[in-house]
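Fold and geometry: a report
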Amino acid sequence: MLGPSHTTSTTPQPLVLQVIRLVTVPNWIISFLCGTIWCLGLVNAVANPTNHASPSSPNIVFISIDDLACTLGCYGDLIAQTPNLDRLAASGITFQRAYNQLPLCNPTRASLMTGLRPDQIKVYDLDRHFRDQTPEVVTLPQAFQAAGYDAVRVGKIYHYNVPASIGTDGFDDPASWNLTINPKGRDKGEEALITNAEPHRKISAALSWLAAEGEDTEQTDGMIASEAIKQLKAPRDRPLFLAVGFFRPHTPYVAPRKYFDQYPLASLRLPFSPEGDRNDIPTAAFAHNCPLPNYNLPEPLLLQATQGYYACVSFIDAQIGRILETIDRLGQTENTIVVLWSDHGYHLGEHGGIWQKRTLFEQSARSPLMIRAPRIGNAGRNCDRVVEFVDIYPTLVSLAGIEPPEHLAGRDLSPLMKDPLAPWDEYAITQVLRPADSRLSEPVMGCSIRTSRWRYTEWGEGKHGVELYDHHTDPNEFQNLAVNPDGARVKVIEKLRVKLRKYASGKTPETPFNPARL
């Protein structure tokens, strides 16, 4: 069995880099050098010296799940078997309407971890690092380091190419961590056994799956849970910010066979779409990696893919259960804030055959978000207010009693945790960039705003299409009201457009992006 690799750094990182900015090197390397320069006393601390953790400071367990839609029992999914995540929801606050900023792994993670929107960090593809645009930004774990925490990463928090980069640092930000651990399990050695429904694509992008032999702890994600448990048990004299990133259910859908057995094929169905559902949807709304309905695959293969996805969801649920049980056994439940999020949602065949991510529909823009903060109370409450992933950073520093950096774009959710019905300006902004291809004559930025009632979406500032959906009457977004709108709908569109463009310009970026990696 393959094991984890470890990388260690020991110091908090600086805010300004006035000396090394004179050196012409990539910004992520500048970030890596920050710790050394700190020790030389050449720069200032991230935070005020009085902003330090105390013995009563809570530990933070920060759990990320790759490509997880709201396919959980606690989100109303009738198929998912997720007892451990349902238990977490029962002991914390579940945000039923939380939305990511850009439904693609690198941009959404960079946005969440910096607390900035995609248009601020200029990250839209899988290749650009946020420090290329914002070299001095203080990331979420850096803010905790500056307050006296140990910041430890196990698995995928920033972007990785999956499965190719499993066992490496991926597209990491070295300044964010004191210690990194990169497990690699038997799934990496058994990729030849994976069923690929689209052999012309790599398994990273194709509908692909494997009902694996062996135990949970032999898989990379099982090893990630084991390493996280070791960190929870390790003696330390400082509070812990433990980031735990699971790779599944990202393709290929690999999980031990017993989890596949929980979802017999005969019990599964593809999502309903009304006849003609796609007729009023702009071409740009369909992701370039899934331009054809259901990839032209037959229903039996699609149901096998669905089985593989749900198997992975239950597999990850079991690993999170191990972590939660460890927190309980250590007597740390009342002193540990647990936050669980997915980088974005995921399609399983909605709208007549959309799969995976990269859309601005509800299934891709909406993502799970749960926060358990025992000192807040309100265990088991749902919050139906519309919130965003840029809100996670200010919320966590607030809950830990840390002064937030001034740059943050989001809002502190702790008032909603105390009272889920509290007044709230409900909006969330999600965007995605399309490359020029056989369907689109130019790159097209799509931008969407979600409010308590509406979703309004523009493609190329409206040049390539507009969408409006009324979630009071059409929660599945089947009827595009922007097609021949009446006077009342025109007024709604005009109002939503003003707010949308306050946070996302809709213009094609002038900064670099790789069309092949959008």
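Here goes a summary of the coordinates provided. (Residues numbered from 1 in each chain as written. Predicted model: local features only at pLDDT ≥ 70, side-chain atom pairs only at ≥ 80, totals over all residues. Heavy atoms only, no water.)

This paragraph deals with helix 3 (residues 105-114). Of all 10 residues that make up helix 3, 10 are buried, and the element is covered over most of its length. Where helix 3 is concerned, the buried positions are Cys-105, Asn-106, Pro-107, Thr-108, Arg-109, Ala-110, Ser-111, Leu-112, Met-113 and Thr-114. Its buried side turned inward, helix 3 meets strand 2 (59-65), helix 4 (118-121), helix 5 (140-146), strand 10 (336-342) and helix 12 (392-399). After helix 3 finishes, the residue Gly-115 shows a positive phi value of roughly 75 degrees. (Buried < 20%, exposed > 50% of the residue type's maximum accessible area, 1.4 Å probe, protein only. Helix = DSSP H or I, 4+ residues; strand = E, 2+ residues; numbered from the N terminus. Contact = heavy atoms within 4.5 Å.)

Ranked by size, the top nonpolar core spans 61 residues in total, and within it Ile-63, Leu-207, Phe-246, Ile-320, Ile-323 and Met-370 carry the most contacts. Here this core gets 13 residues from one element, more than from any other, and that element is helix 9 (residues 299-329). Residues in contact with Ile-63, not counting those within four places in the same chain, are Val-244, Phe-246, Ile-320, Val-338, Val-339, Leu-340 and Trp-341. In this structure, Phe-95, Phe-241, Ala-373 and Leu-408 belong to the second largest nonpolar core, which totals 47 residues. (Core = buried A, V, L, I, M, F, W, Y, C linked by side-chain atoms within 4.5 Å.)

Tallied over the entire structure, the rule returns 32 salt bridges. Among the ionic pairs, Asp-67 bridges to Lys-357, the shortest N-O distance being 2.9 Å. Here Asp-67 is found in the loop between strand 2 and helix 2 (83-90), whereas its partner Lys-357 is found in the loop between strand 12 (354-356) and helix 11 (362-365), with 290 residues between them in sequence. The salt bridge partner of Lys-258 is Asp-216, with a shortest N-O separation of 3.6 Å. (Salt bridge = Lys/Arg side-chain N within 4 Å of Asp/Glu carboxyl O.)

With 7 of 7 residues buried, strand 2 is to be regarded as a mostly interior element. Residues of strand 2 alternate between two faces, with Asn-59, Val-61, Ile-63 and Ile-65 on one and Ile-60, Phe-62 and Ser-64 on the opposite face, all of them buried. As judged from the 7 bridges shared by strand 2 and strand 10, these two strands associate in the parallel manner. In the strand pairing of strand 10, Val-61 is matched with Val-338. As defined by bridge partners, strand 2 adjoins strand 8 (residues 240-246) across 6 bridges and the pair is classed as parallel. Of the residues in strand 8, the one forming a bridge with Ser-64 is Gly-245. (Pairing = 2+ DSSP bridges.)

It is worth spelling out the environment of Leu-102 at this point. Mapped onto the elements, Leu-102 comes out in the loop between strand 3 (93-99) and helix 3. In this structure Leu-102 comes out as buried when scored by relative accessible area, which is 1%. Linking Leu-102 and Arg-329, residues 227 residues apart in sequence, is a C-alpha distance of 37 Å. Apart from the residues lying within four places of it in its own chain, the contact partners of Leu-102 are Pro-107, Thr-108, Pro-118, Val-123, Tyr-124, Thr-430, Gln-431 and Val-432.

Strands pair in a sheet through their backbones, by hydrogen bonds, and they do so in one of two ways: parallel or antiparallel. Strand order in the open sheet made by the 4 strands is 16-17-18-19, with antiparallel pairing throughout. Looking at which strands have only one partner, the edges of the open sheet turn out to be strand 16 (428-434) and strand 19 (466-470). Each strand axis lies, on average, 10 degrees off the axis of its neighbour in the sheet, ignoring direction. Contacting strand 16, strand 17 (444-450), strand 18 (454-459) and strand 19, helix 14 (residues 487-503) runs over the sheet at an angle of about 70 degrees to strand 18. (Axes fitted to C-alpha atoms, helices over the stretch in contact; angles between N-to-C directions.)

Attention shifts here to the pairing of strand 19. Burial analysis of strand 19 places 4 of its 5 residues in the buried class, the great majority of the element. Once strand 18 ends, the chain turns through 6 residues before running back antiparallel as strand 19, passing Gly-460 with a positive phi of about 60 degrees.

We now examine the sheet that holds strand 9 (residues 253-256). Spatially, the 3 strands line up as an open sheet ordered 6-7-9, and their pairing is mixed. Each having just a single partner strand, strand 6 (195-196) and strand 9 make up the two edges of the open sheet. Pairing geometry for strand 7 (residues 208-212) and strand 9, over 4 bridges, is parallel. Bridging from a neighbouring strand, Ala-211 pairs with Ala-255 of strand 9. Strand contacts of helix 9: strand 7 and strand 9, with the helix running at about 55 degrees to strand 9, the strand carrying the most contacts.

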